[in-house]
Amino acid sequence: MTEKTSQLASEVNQKQNCAHCSLLVPPARQISSGEAFCCAGCEAVYAILHESNLDDYYALRENLGPGKRGPARISGKAFHYFDDAEFLKRYAEPRAEGGIGVRFYLEGVHCAACSWLVEKVLLEREGAAFAQLDLGRNIVAIVFDPRIVQLSHLAQALDRFGYTPHPLLEDTIAQTRKKETRRLLLRMGVAGAVAGNIMLLAAALYAGEFTGIEEDLANLFRWVSFGLAIPAVLYSAMPFYRGAIAGLRARMLHMDLPISLGIMAAMSVSIVATVQERGEVYFDSLSVLIFLLLAGRMLLSRATSRAADAAETLMEQAPQTVRRETDGKIEDIALAAADAGDTLVFLPGDVIAVDGLALQSGWVTEAHLSGESDAVFKDVGATVFAGSQVVSVPLRIQATAVGAFTRLSQLAEMIRRAASQRAQIVRLHDRIAGYFVATVLTLAAATALIWWQIDPSKALWNVAALLVITCPCALGLATPVALSVAMGRAAKRGIFIKSAEALERAASIKHALLDKTGTLTSGKMDFVASHFAPTLSVSEQRCLMSQISALETYAVHPIGAALKLKDEIQLAVTDVMVHQQGITGIVAGQKLVVGSRRFMRELECLEEAWASHAEGNVLIARDGKVCAVLLVADPISPDALRAVEALQKQNISIELLSGDRAAEVARVSQALGIAQARGDISPEEKLARVAELEANGIRTAMFGDGVNDAAALSRATIGVSAAEAADVARSAADVFVSRRGPIAFAEMVSLSRNTMKTIRRNVMIAIGYNALGAGLAMSGLVSPLLAALLMPISSITVLTLAVRGSKP
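Keep in mind that what you see is a predicted model, and the values were worked out from it rather than measured.

A.B. asks: Can you explain the overall build of the chain? Please cite residues and give values.
C.D. replies: Within the chain one finds 29 helices and 27 strands. A burial count over the chain gives 51% of its 808 residues as buried. Sequence-distant contacts in the chain: of pairs separated by 6 or more residues, those separated by 24 or more amount to 67%. Counting only carbon and sulfur atoms, one obtains 57% of the accessible surface of the chain, whose full area is about 36700 Å².

Here you go:
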């Protein structure tokens, strides 16, 4: 390297921050004066912000905190298909005064300043009536007048600032869930309002028992309480009646049955006491009971919705468009409009949405389809499957199958069949409910019969005391509260459990099936180890790595990306040739060859004995002689060994199943101490293995991230998808984690087992309390009033223990 070149490299290599996103500027884009930018996107957005007098964005971002930062990505799309009538029919909904509402998922949203900018950009457009960004989910809601402004123009405005919009389809399941939540909130609100007012009247009645109260005033308070209790009993408690009736129709004693019987018994006794103007009324206890039970259901519903909303947000991020080439022109069309025979263009980073034949050669990764972590070379005429991702130059494909006819859709159908074959587990409180209801009804009948013979005047009151004190509010709260607390804690740790049933199933697993790529490993190629020629000094080794990094700048293969240095020095590179097995070029005046052993033999590079025995898959030759052997592989996750050990401590056997090469699977399994490991297996074989274990009565958990894992995820007792799982895998799983690495999977299993221990303990406390109370009520030692006062004790105990328990 000449003195002039060294001086230039030293000046350029100084660290500079992007004027837009504040990230480090690559050496190739650094300048000696003025504003530097990490990419063309940031430079364009910076200029647009200043031209539009929106440069307050930067001051606002600093005041509100930087948040997550990333370079601006401008797609440059025209978004004309957004104005298509079929598109608007599918994705938009009519609003008042001729307006249209639509939602977009936005790429590139990083902080609160982005929220300000998005809303500002939209609302400054004539015809845009409303714009609001949900910063937590990166979803913007827009209402606009199509007679004044086209939706494509609003989308272009967002894209110019680096916020590429993707349409969201309102999920009918999500809409139903929201309506149910609103109804439950309304019922709980009515019960709470009723309980508060009745308790004020009850306080006066209780005080009157000790200090005296006029009979007419006491009767008035009872009648007013009766009137107030009617909405709580007939409206708020309706979900319990429906559950009880549904259970009876299914010939099953559901937990809602004893709750309903307790409510009706307490209400009936209170009405009799009010009409007869003697005895005790329980309108206050009744309304509080209904409120608490609804609150327990709301907690569980919120915990379930949290996981569902997070899953939907991730699923909604997938673009629903493709680029079609017709007569040399490329246009964006809706995926649904693509047809077999179309020529489609996919850019690097795009997920291929159809099956087809490659019209030009290029590299794709099929990690989500096959589990193979390495990129796969597709020559002209090779078959490319939907779900693959382009990693090199733009790829032109002639579609051969779209929609339901793709390999991806066939896997999805296999997933649906697998889900229908999953073993059903009866929930704990449903198993207990049948015995509890039968026991309570038997004891009530026995109490009535015994006291009818001893003292008929006390028979009704003793039965009422029995039903009130054994009202299963504690049993009804034990499971939902413990589950909701556990699901809430799991969500805070990046573990999203889609249903309470999934949490219960997770506690029963005995065998864990783990995928390799993206679960036990990072899923991306990285530099793992190096072996240099003995004659090279440390400084020469560093110089060689800089030369390799400079040459690999021209490569598009994942292995090449792994060999690029973060702080590379600018070196002169000429005569670059990219081959299928490697790359060659002149770097700083020396001929460099980087590639496989086969590539070295083809170019007749001299390989000495030390290099022949060195472990690695990338060889480097300088001036015709091999001088380094590098190992570039999918590195094992830092917490993988800890996760495996944690599972083994819980007496869970572990098996590694992967579609990756058998040699690579063996490397990972040996490093982690996993005895059972298989590579080169298909999605069908994974599903068959899960089905075999389940058929033998072994409860399984599947942890994976690819489309090839989805059927097994759906068939297993519990399916868990990894942080960057394919959409179809995330949809098939019961649980998905947002944290990288398998330790979250081990934590989920531990959390589920601890939660079930908490539930069993709470149930035993509730049963013990009810048994003691039933004995006292049957013997006539507890009046209905005392029963109403004692009833909340077990509920409070269960709530306290549930909140303190359920830790991973």
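A.B. asks: Quick rundown of the confidence of the model for the chain? Include the residues and the values.
C.D. replies: Where the model shows low pLDDT, its predicted coordinates should not be examined in detail. With 79% of its residues at a pLDDT of 70 or more, the chain shows a mean pLDDT of 78. Here residues 1-13 is a poorly scored stretch, pLDDT under 50, and it has 11 contacts once near neighbours within four places are set aside; other chains count. For residues 310-319, every residue scores under 50 in pLDDT, and the model assigns this stretch 26 contacts once sequence neighbours within four places are set aside.

A.B. asks: Just give me the short version of the packing of helix α25 (residues 683-695) against helix α26 (residues 707-715), but keep the residues and values in it.
C.D. replies: The interhelical angle for the contact between α25 and α26, taken along N-to-C directions, is 15°, at an axis separation of 7 Å. As far as their axial angle goes, α26 and α25 are roughly parallel. For the pair α25 and α26, the sense of crossing is right-handed. Along the contact surface, α25 presents Pro683, Lys686, Leu687, Val690, Ala691 and Glu694, while α26 presents Asn708, Asp709, Ala711, Ala712 and Arg715. The residue inventory of the contact of α25 with α26, partitioned by class, reads six nonpolar, one polar and four charged.

A.B. asks: Give me the pattern of salt bridges: which residues, what numbers.
C.D. replies: Here the structure, examined in full by the defined rule, presents 19 salt bridges. Note that Glu602 is salt-bridged to Arg598, the shortest N-O span being 3.4 Å. Of this pair, Glu602 and Arg598 both sit in helix α21 (residues 597-602), four residues apart, roughly one helical turn. You can call Glu602 partly exposed: its relative accessible area is 48%.

A.B. asks: Account for a nonpolar patch on the surface, with residues named and values stated.
C.D. replies: Together, Ile213, Leu217, Leu220 and Val224 make up an exposed nonpolar region whose accessible area comes to about 290 Å². Note that Leu217 resides in helix α8 (residues 215-236). Under the relative-accessibility criterion, Leu217 is labelled partly exposed at 35%.

A.B. asks: For the packing of aromatic side chains, give the residues involved together with the corresponding values.
C.D. replies: In this structure the tally under the stated criterion is six aromatic pairs. Summarising the aromatic geometry, the rings of Trp223 and Phe226 are spaced 5.9 Å apart at their centres and angled 65° between planes, so their arrangement reads as edge-to-face. Taken together, the residues span about one helical turn, with Trp223 and Phe226 both in helix α8 at a distance of three residues. With a relative accessible area of 41%, Trp223 lands in the partly exposed category. In textbook terms, an aromatic cluster arises when at least three aromatic residues are bridged by ring pairs, as seen for Phe79, Phe82 and Phe104. Positioned above the aromatic ring of Tyr235 is the side chain of Arg187, whose terminal nitrogen or guanidinium carbon lies 4.6 Å from the ring centre.

A.B. asks: Now, about the sheet that holds strand β23 (residues 653-657): what can you tell me, with residues and values included?
C.D. replies: What the seven strands build is an open sheet, ordered β15-β27-β26-β25-β16-β23-β24; its pairing is mixed. Pairing within the sheet leaves two strands with one partner each, and these edge strands are β15 (495-497) and β24 (676-678). Sheet twist, expressed as the mean angle between neighbouring strand axes with direction ignored, is 20°. Note: strand β16 (residues 511-514) against β23, four bridges, orientation parallel. Note on β23: the bridge partner recorded for Leu513 is Glu655. The strands that α25 touches are β16, β23, β24 and β25 (700-704); relative to β16, the one it contacts most, it runs at about 180°. Relative to the sheet, helix α28 (residues 743-778) contacts β15, β16, β25, β26 (718-721) and β27 (735-737), its axis offset from that of β15 by approximately 50°.

A.B. asks: Quick one: what's the story with the nonpolar core, residue by residue and with numbers?
C.D. replies: Note on soluble globular proteins: their nonpolar side chains tend to be buried together. In this structure, Ile495, Ile497, Leu520, Ile718, Val720, Phe745 and Met748 are the most contacted members of the largest nonpolar core, which totals 45 residues. With 10 residues, the top contributor of residues to this core is α28. By size, the runner-up hydrophobic cluster in this structure holds 42 residues, among which are Cys18, Val102, Val149 and Ala155.

A.B. asks: Tell me about the sheet that holds strand β18 (residues 573-578), and please be specific about residues and values.
C.D. replies: Ordered in space as β17-β22-β21-β20-β19-β18, the six strands form an open sheet in which the pairing is antiparallel. Single-partner strands in this sheet number two, and they are β17 (526-532) and β18. Strand-to-strand twist of the sheet, defined as the mean angle between neighbouring strand axes without regard to direction, takes the value 20°. In this sheet, strand β19 (residues 582-587) lies alongside β18 in antiparallel orientation, the contact comprising four bridges. Each bridged residue has a counterpart across the sheet, and for Val573 the counterpart in β19 is Val587. Along the sheet, helix α19 (residues 538-552) contacts β17, β18, β19, β20 (590-595), β21 (618-622) and β22 (625-633); its crossing angle with β20, the most-contacted strand, is approximately 75°.

A.B. asks: With reference to specific residues and values, describe unusual backbone geometry.
C.D. replies: The residue Glu97 is not glycine, and still its phi comes out positive at about 60°. Mapped onto the elements of the fold, Glu97 is located in the loop between β1 (93-94) and β2 (100-106). The phi dihedral of Asp623 is positive, around 55°, even though this residue is not glycine. Assignment of secondary structure puts Asp623 in the loop between β21 and β22. Looking at Asp623, the relative accessible area reads 52%, which means it is exposed.

A.B. asks: Describe in detail the packing of helix α23 (residues 640-649) against α28, supporting the description with residues and values.
C.D. replies: Between α23 and α28, the shortest axis-to-axis distance is 8 Å and the interhelical angle comes to 20°. Considering their axes alone, α23 and α28 lie roughly parallel with respect to each other. As α23 runs across α28, the sense of the crossing is left-handed. Taking contact as the criterion, the partners of Arg642, Ala643, Ala646 and Leu647 in α23 are, on α28, Ile743, Phe745, Ala746 and Val749.

A.B. asks: Outline a positive patch on the surface, supporting the account with residue identities and numerical values.
C.D. replies: Taken together, the side chains of Lys179, Arg182, Arg183 and Arg242 make up a positively charged region of the molecular surface. Residue contributions to the positive patch peak at three residues, all from helix α7 (residues 172-211). Residue Arg182 is classed as exposed on the basis of its relative accessible area of 52%.

A.B. asks: Can you lay out the pairing of strand β14 (residues 395-401) for me, pointing to particular residues and giving the numbers?
C.D. replies: Consecutive side chains of a regular strand alternate in pointing toward one face of the sheet and then the other. Relative to β14, strand β8 (residues 343-346) is paired through four bridges, and the arrangement is antiparallel. Bridge pairing in β14 places Leu344 opposite Ile397.

About the cut-offs
- Residues numbered from 1 in each chain as written.
- Predicted model: local features only at pLDDT ≥ 70, side-chain atom pairs only at ≥ 80, totals over all residues.
- Heavy atoms only, no water.
- Helix = DSSP H or I, 4+ residues; strand = E, 2+ residues; numbered from the N terminus.
- Buried < 20%, exposed > 50% of the residue type's maximum accessible area, 1.4 Å probe, protein only.
- Contact = heavy atoms within 4.5 Å.
- Areas by Shrake-Rupley, 256 points an atom, 1.4 Å probe, with all protein chains shown as cover.
- pLDDT = per-residue confidence, 0-100.
- Axes fitted to C-alpha atoms, helices over the stretch in contact; angles between N-to-C directions.
- Parallel < 35°, antiparallel > 145°, perpendicular 65-115°, else oblique.
- Left-handed = near helix turned anticlockwise from the far one by under 90°.
- Nonpolar A, V, L, I, M, F, W, Y, C, P; charged D, E, K, R; others polar.
- Salt bridge = Lys/Arg side-chain N within 4 Å of Asp/Glu carboxyl O.
- Patch = residues over 30% accessible without salt bridge, like charges linked within 9 Å, V, L, I, M, F, W, Y side chains within 5 Å.
- Phe/Tyr/Trp six-rings, centres within 6.5 Å; stacked < 30°, edge-to-face > 60°.
- Lys NZ or Arg CZ within 6 Å of the ring centre and 35° of its normal.
- Pairing = 2+ DSSP bridges.
- Core = buried A, V, L, I, M, F, W, Y, C linked by side-chain atoms within 4.5 Å.
- Lys, Arg positive; Asp, Glu negative; His and termini not counted.
- Charge placed at Lys NZ, Arg CZ, Asp CG, Glu CD.

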